[in-house]
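Given next are the chains, with one letter for each unit.
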Amino acid sequence: MSKRVDRPADSRATNARSAGAQPTDGASVIAAMTEFHSGLRIGHMLSAVAELGVADQLADGPLSVEELAARTKTQDQALYRVLRALASKGVFTEVSPRTFGLTALAETLRSDAERSMRDVFRLQGKPFMRDAYGAIEHTIRTGEPAFEHVNGTTLFEYLAARPEMSELFSRAMGNGARQVQRAAVAAYDFGGIERLVDIGGAHGHLIAMILDRHPDMSAVLFDQPHVVAGAEEFLKGTGHRSRIELVGGSYFDSVPAGGDGYVMSHVLHQLDDDEALIVLRNIRDVMSADARLVIIDPVLPEGDVPHPGKFMDITMLALTRGRDRTERELRDLLDGAGLRLTETVALSAPSSIAVAKTGAPA
């Protein structure tokens, strides 16, 4: 079991900044903007320590920076300065001079943590991703994804030609998606659905979590043929393989019929509005009158309200042609597909649940 060092509450409070707080005096404005400027360096440092596996080395308790440097094959003074800076933000803690331990934030950088984000930060540090974010000005000027401008191809074409990076990307997306999916399964009652179809369900992590709670439910896992083929091993380990039908195909062509429930997790936000309408209409075509569609995606608040989904939307802007939407934008999209939004459930995670049924809006 890992040993985490809890920081004093007042120290955490000192480092916390109220969401959306607006400094007004000159010194506070400069301090706030300087902290934003530091964000670039913080991101790079987190990617580096994630790649080096520093948090994994601290799983059994604090270590001196000299020992950490030996284990990670790094230079001790450089490592110390990086960890000192990160510890000032609550990621790691210097428990005694030049000796560091894990904090709750640092725990997420461990490979084996239940809520691991290590691969998310490793992916962020790879040049093909990092340089795309750095070229966001190109996207602002042209509306075209910076990723394509920097790398000469689309994100998924790039990954298809590089299996090692594709595997890292899949693990990173899985890290993030499972945090959202846990929150969704805890917050929303899928009860009453006898056959659930997961559209774009990858290897079936969401389906498995839902089936854990609903022993009488059966499911269909639908994704591209090569994706669902890779789900077999994971699903066997869940104990639910016999309850899940694997179907390969493209949601731009059609989706499986026969479900009284359909679910999509982080699918719509990968698509522009025209693509999203095609997929939603394909789902609408096979939904019965009493079926429901459960969408797990960021639902952005209007105006200046802080929300992590607004930054996830910038990821979609820079890397793909997709987008995250407000509730009003999502409602309009569903209306265009002959569906009506009946419920929205905010989650503790960055995403929300939106439930849609057939029929025109009232």
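Below you will find a few notes about this structure. (Residues numbered from 1 in each chain as written. Predicted model: local features only at pLDDT ≥ 70, side-chain atom pairs only at ≥ 80, totals over all residues. Heavy atoms only, no water.)

## Quick notes on the overall build of the protein chain
- Helices and strands together make up the secondary structure of the protein chain, namely 18 helices and 12 strands.
- Here the C-alpha atoms of the protein chain give a radius of gyration of 22 Å, agreeing with the 21 Å that 2.2 N^0.38 yields for 362 residues.
- Dimensions of the protein chain, computed from the C-alpha atoms along their principal axes, are close to 65 × 50 × 45 Å.
- Burial status across the protein chain gives 44% buried among its 362 residues. (Helix = DSSP H or I, 4+ residues; strand = E, 2+ residues; numbered from the N terminus. Rg over C-alpha atoms; globule rule 2.2 N^0.38 Å. Buried < 20%, exposed > 50% of the residue type's maximum accessible area, 1.4 Å probe, protein only.)

## Structural notes on the sheet that holds strand β1 (residues 63–64)
- In space, the three strands of this open sheet follow the order β1-β3-β2, with antiparallel pairing throughout. Only two strands of the sheet have a single partner each, and these edge strands are β1 and β2 (93–96).
- Inspection of the sheet shows β1 paired to strand β3 (residues 99–101) by two bridges, in the antiparallel sense. Residue pairing in the sheet places Ser 64 in a bridge with Thr 99 of β3. (Pairing = 2+ DSSP bridges.)

## Observations regarding helix α16 (residues 273–286)
- Helix length check: α16, at 14 residues, gives a terminal C-alpha distance of 20 Å against a target of 20 Å (1.5 Å per residue), a fit within 8%.
- Of the positions making up α16, those classed as buried are Ala 276, Leu 277, Val 279, Leu 280, Asn 282 and Ile 283.
- Among the structural elements, β4 (195–199), β7 (261–265), β8 (292–297), β10 (325–326), α18 (327–336) and β11 (339–346) are those in contact with the buried residues of α16.
- Between a side-chain oxygen at the N-terminus of α16 and the backbone nitrogen of Asp 274 the separation is 3.2 Å; the capping residue is Asp 272. (Expected span 1.5 Å × (residues − 1). Contact = heavy atoms within 4.5 Å. Polar contact = N/O pair within 3.5 Å; in protein donor to acceptor, adjacent residues only side chain to side chain.)

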